[in-house]
Amino acid sequence: MNAVPFPHPSRRGVLRVGGGLALAATAGVTLSGCTSGADDGVGADGKVTLEMWHGQTDTAKKALEVLVASFVRSHPRIRVKLGGGVLADAMLQKVTAGLAAGSYPDIAYIYGSDLASIAMSPEVVDLSDTVRSGPTMWMNYWAPARDAVTVRGKVRAAPALLDSLAVVCNKKLFREADLPLPKTGWSWQDFQETAKKLTDRGQGRFGTGWPGTGDEDTVWRLWPMIWDLGGDVIDPDGKKIGFADTGVRALEVLEGLARDGSVYIDPKSGSEQMHQVFMSGRMGMTLTGPWQLPDIKEAKVDHHVVPLPSFSGRPVTISGPDTWTVFNNGSARRQAARTLVSWLMQPEQDVVWDVQAGSLPLSRRAQDKPGWRHKAAATEGLTVFTKALETARVRPVHPAYPQISKAVGEAMVAVLLGRGTPAQAMRACADTANSALTLPY
């Protein structure tokens, strides 16, 4: 599910629920806040100690602890200390401060949209050889997983988590409105008309929802529209945005939803209110990812998953992968960190993480594993999200992206709240975003 800055905490909601049972320090796995880089991390016993800032809680943390314990058992000369002290949302800030102070981990969980902010640091390890020489061919990994970690032709991190966007529908509300369930190939006009028919403000029921804070959770849902219309986040010349015209058309969809009163605008970061409205049976459709399916199932919402609408009829969606970024703390620790992230990426381990922590398979080989096939068969709609990876795209790994996203978010909020027309909002957005692209990087 992401990811955002996630700046998109809602994309990772599934990673923050569950039993919260932490494993004890077993098989060489310990929990720690910091480790020393003295002696290149090699102890008197010849073992290398890695510091891994993971950013996970509850279900995902438990899954990672199980995986790392298994890794240590099969790699007895490597110890791994899991720590970091912050959730993934705050990881970029902590890592950036650590780089400035010369005290940073060997591996950190970095959101894909944050990677560009640190990718060119000399302390970030180039993993091109690592991923391309692994047991699973690099081209077997889904294109979004590869693209999200590639900066200027070099692989600057290992893919850690993969997701996609689709539309989840409440079947009960569709039946009550006497509406057919959407099918693959539907249009944004269909979406808008369906949302209007599903809405009953007197009953407190909305056709759909959209985050209204202007953060990345608000923004990333718009990019599939831009791409489908032939636009791009950044123009090929690199000097201006690539959606000055197509962005107006995309914003007109939001304007229509707001004008019809069919969209619940979530006023708080994280989209939790929006998701609660859906799960309480008061929203007909929600644009979300596979991370939300466990909560929807737990809420006993009879649901249907359909690919995103489009303008063209072609399939298009977005994926927001997250990463394991490796930092240089000397040759021994660097090599051990390469070994660990490469091991985590392999289908046998990836499937454990996918099933327990809410990711989609990183590779086609992982998708073919019995564990994932069983999970997909048992989870309504999960195969729709996985199939969407065939045509999914990712946001550019570019240092100016945060500024572009901020400008787009402000434009979207202006339109959703009726403070400006799509054309007005896009002009202001273009002025700000184009200025960001004139800065040297």
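Up top is the structure these notes are about.
Computed from a predicted model, the values in this text were never measured in an experiment.

Participant: In this structure, what is going on with the nonpolar core? I would like to understand it.
Facilitator: The tendency in soluble globular proteins is for nonpolar side chains to be buried side by side. The biggest cluster of nonpolar side chains holds 69 residues, and the ones touching the most others in it are M52, V80, I107, W324, L340 and W353. When near neighbours in sequence (up to four residues on either side) are disregarded, L340 contacts L50, M52, F71, V80 and I107. Within the second largest apolar cluster, 52 residues are counted, among which are W227, V253, V306 and L437.

Participant: Teacher, can you tell me more about the sheet that holds strand β8 (residues 166-170) here?
Facilitator: Backbone hydrogen bonds are what pair the strands of a sheet, in a parallel or an antiparallel way. Spatial ordering of the open sheet is given by β13-β8-β14, a layout of three strands whose pairing is antiparallel. Two strands lie at the open edges of the sheet, namely β13 (285-288) and β14 (303-306), each paired on one side alone. Taking each pair of neighbouring strands and ignoring which way they run, the sheet shows an average axis angle of 25°. Pairing analysis gives four bridges linking β8 to β13, with the strands arranged antiparallel. Note that in β13 the partner of V168 across the bridge is T286. Running at roughly 135° to β13, helix α6 (residues 188-198) makes contact with β8 and β13 of the sheet. Where helix α10 (residues 272-279) meets the sheet, it contacts β8 and β13, and its direction lies at approximately 135° from that of β13.

Participant: Would you mind showing me how to read the layout of surface pockets here?
Facilitator: Once rolled over the atoms, a probe with the size of a water molecule shows which space is left empty. As a volume, the second largest pocket reaches approximately 280 Å³. Along the walls of the second largest pocket sit 17 residues, with T184, P307, P315, V316 and T391 positioned nearest its centre. Per element, the largest residue contribution to the lining of the second largest pocket is three residues, and it comes from helix α16 (residues 382-388). Of the residues that constitute the lining of the second largest pocket, the class distribution is eight nonpolar, six polar and three charged.

Participant: Would you take a moment to explain helix α1 (residues 58-74) for this structure?
Facilitator: For an α-helix the count is 3.6 residues per turn, leaving residues at separations of three or four pointing the same way. Counted at 1.5 Å a residue, the expected span for α1 with its 17 residues is 24 Å, and the 25 Å between its end C-alpha atoms agrees. The complete set of buried residues in α1 reads A60, A63, L64, E65, L67, V68, A69, F71 and V72.

Procedures and definitions
Residues numbered from 1 in each chain as written. Predicted model: local features only at pLDDT ≥ 70, side-chain atom pairs only at ≥ 80, totals over all residues. Heavy atoms only, no water. Core = buried A, V, L, I, M, F, W, Y, C linked by side-chain atoms within 4.5 Å. Buried < 20%, exposed > 50% of the residue type's maximum accessible area, 1.4 Å probe, protein only. Contact = heavy atoms within 4.5 Å. Pairing = 2+ DSSP bridges. Helix = DSSP H or I, 4+ residues; strand = E, 2+ residues; numbered from the N terminus. Axes fitted to C-alpha atoms, helices over the stretch in contact; angles between N-to-C directions. 1 Å grid on protein atoms, 1.4 Å probe; cavity = no way out; pocket = protein on both sides within 12 Å on 5 of 7 lines; lining within 4 Å. Points joined across faces, edges and corners; volume = space filled by probe spheres on them. Nonpolar A, V, L, I, M, F, W, Y, C, P; charged D, E, K, R; others polar. Expected span 1.5 Å × (residues − 1).

These values are about where atoms sit, not about what they do.
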